[in-house]
Amino acid sequence: MHVRLRVRTVGMQESNQTLKKTLVTTEASVSFYCAISNGGKKMNFRTFFEKLNDAENKSSVENAYSHIVDYVFDVILDKNVFGLIDTSTWNKGADGRIVPKNIISTPDFVITDRNYKFNGNTSNAYGCIEVKYADKDVKQSLRLCDDGDSKGYLHHYQNVLYTNGWIWIYYDRKTTPKWTINFRENQTNKEFGRLLYELCSIEWKNLKAND
């Protein structure tokens, strides 16, 4: 069975729910195809892996993977509620609400409120994304926990995603991964559908109070 789904860049709340519903009903399908549409651009199973291969074999830099991660989140994240902030070049404490001074390192992306403005309003940091180039760096996930006075990602963000596009590891407030997807081992359109399902299922706003 092949499923094609177009996700609009407007009315994202409705589109996000449609995506989740469609993925739930088709996740068990042996053959799964899901097309993401954003401003006329598409990323389906085939083009997703083409971009990953280009990043690995042509660019050979971490930032090439960041572009892919940003593209995926630009579509699946509910823009009526959340915003995706590129913090990869920020210094610690640049905006203490989402990148505090005592954080162990600055992540590549932070998920925050839709109306976030740099140093302009009160906002929550619901999660972060750490992009790596090498598989081993994704698997090690070294910045989750505190190191002396430096606070780990899980202290400030609680929802943490490590990825290089090939491997995706999601931590839900614990140092043990809630789920892992490894396209090095399973490069199928069904597994691509599972990735979209898992990303759409993250409850970013289900926060606990920080210490």
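It should be noted that the structure appears before, not after, this text.
**Comments concerning the overall build of the protein**
- When you go through the protein residue by residue, the secondary structure sums to 6 helices and 8 strands.
- Counting from the amino terminus, helix and strand elements in the protein follow one another as α-β-β-α-α-β-β-β-α-α-β-β-β-α.
- Within the span of the protein, comprising 211 residues, buried residues form 50% of the whole.

**Some remarks on the packing of helix α2 (residues 45-59) against helix α3 (residues 62-76)**
- Their axes nearest at 9 Å, the elements α2 and α3 cross at an angle of 160°. Overall, the two elements α2 and α3 adopt an arrangement that is roughly antiparallel. Handedness of the crossing formed by α2 with α3: right-handed. For the pair formed by α2 and α3, the contact residues are Phe48, Lys51, Leu52, Ala55, Glu56 and Ser59 on the first element and Ala64, Tyr65, Ile68 and Val72 on the second.
- The residue makeup of the contact of α2 with α3, split by class, is 7 nonpolar, 1 polar and 2 charged.

**Some details on unusual backbone geometry**
- The phi dihedral of Gln158 is positive, around 70°, even though this residue is not glycine.
- Positioned with a positive phi, Arg173 is a non-glycine residue whose angle comes to about 70°.
- Relative to the helices and strands, Arg173 is located in the loop between β7 (167-172) and β8 (179-182).
- Looking at Arg173, the relative accessible area reads 22%, which means it is partly exposed.

**Quick word on α3**
- The terminal C-alpha atoms of α3 lie 22 Å apart, and with 15 residues this matches the ideal 21 Å at 1.5 Å per residue to within 8%.
- Those residues of α3 that fall on the buried side of the exposure criterion are Ala64, Tyr65, Ser66, Ile68, Val69, Tyr71, Val72, Phe73, Val75 and Ile76.

**Some details on the side chain of Glu130**
- Position of Glu130 among the secondary structure elements: in strand β5 (residues 125-131).
- A polar side-chain atom of Glu130 sits 3.2 Å from a polar atom in the side chain of Lys132.
- A polar contact of 2.9 Å, which involves the side chain of Glu130, links it to the side chain of Tyr153.
- Excluding residues that lie within four positions of it along the chain, Glu130 makes contacts with Thr106, Pro107, Asp108, Arg143, Tyr153, Leu161, Tyr162 and Thr163.

**A short note on the pattern of salt bridges**
- Per the stated rule, a full pass over the model turns up 13 salt bridges.
- Salt-bridge contacts for Glu130 lead to Lys132; the nearest nitrogen and oxygen are separated by 3.2 Å. Of the two residues examined, Glu130 and Lys132, each falls in the buried class.

**Description of helix α6 (residues 189-201)**
- For α6, with 13 residues, the first-to-last C-alpha span of 18 Å sits near the 18 Å given by 1.5 Å per residue.
- Along α6, the positions that sit buried rather than exposed are Asn189, Glu191, Phe192, Gly193, Leu195, Leu196, Glu198, Leu199 and Cys200.

What counts, and where the lines are drawn
The residue numbering used here restarts from 1 in each chain and proceeds along that chain's sequence as written. Confidence filtering applies because this is a predicted model: local features only for residues at pLDDT of at least 70, side-chain atom pairs given and counted only at 80 or more, and all residues used for totals across whole chains, interfaces and linings. Calculated side-chain values reflect all of the structure's heavy atoms, with hydrogen atoms and water omitted. By the criteria applied, helices consist of DSSP H or I runs no shorter than four residues and strands consist of E runs no shorter than two, each listed in order from the N terminus. Note on exposure labels: buried denotes an accessible area under 20% of the residue type's maximum, exposed denotes more than 50%, and partly exposed covers the range between, all computed with a 1.4 Å probe on protein chains only. What counts as an axis is a line fitted to C-alpha atoms, over the stretch in contact for a helix, and the angles between N-to-C directions run from 0 to 180 degrees. An angle counts as roughly parallel when it lies under 35 degrees, as roughly antiparallel when it exceeds 145, as roughly perpendicular when it falls between 65 and 115, and as oblique in every other case. Handedness of each helix crossing follows the sense of rotation of the near helix against the far helix: counterclockwise by less than a right angle gives left-handed, clockwise gives right-handed. Contact definition: two residues touch when any of their heavy atoms are within 4.5 Å. Classes in brief: Ala, Val, Leu, Ile, Met, Phe, Trp, Tyr, Cys and Pro nonpolar; Asp, Glu, Lys and Arg charged; the others, Gly included, polar. One less than the number of residues in a helix, times 1.5 Å, gives the span that helix is expected to have. Any N or O atom pair separated by 3.5 Å or less is treated as a polar contact, with the protein-specific requirement of one donor-capable and one acceptor-capable atom, and with residues adjacent in sequence counted only for side-chain atom pairs. Whenever a carboxyl oxygen of Asp or Glu lies within 4 Å of a side-chain nitrogen of Lys or Arg, that contact is scored as a salt bridge.

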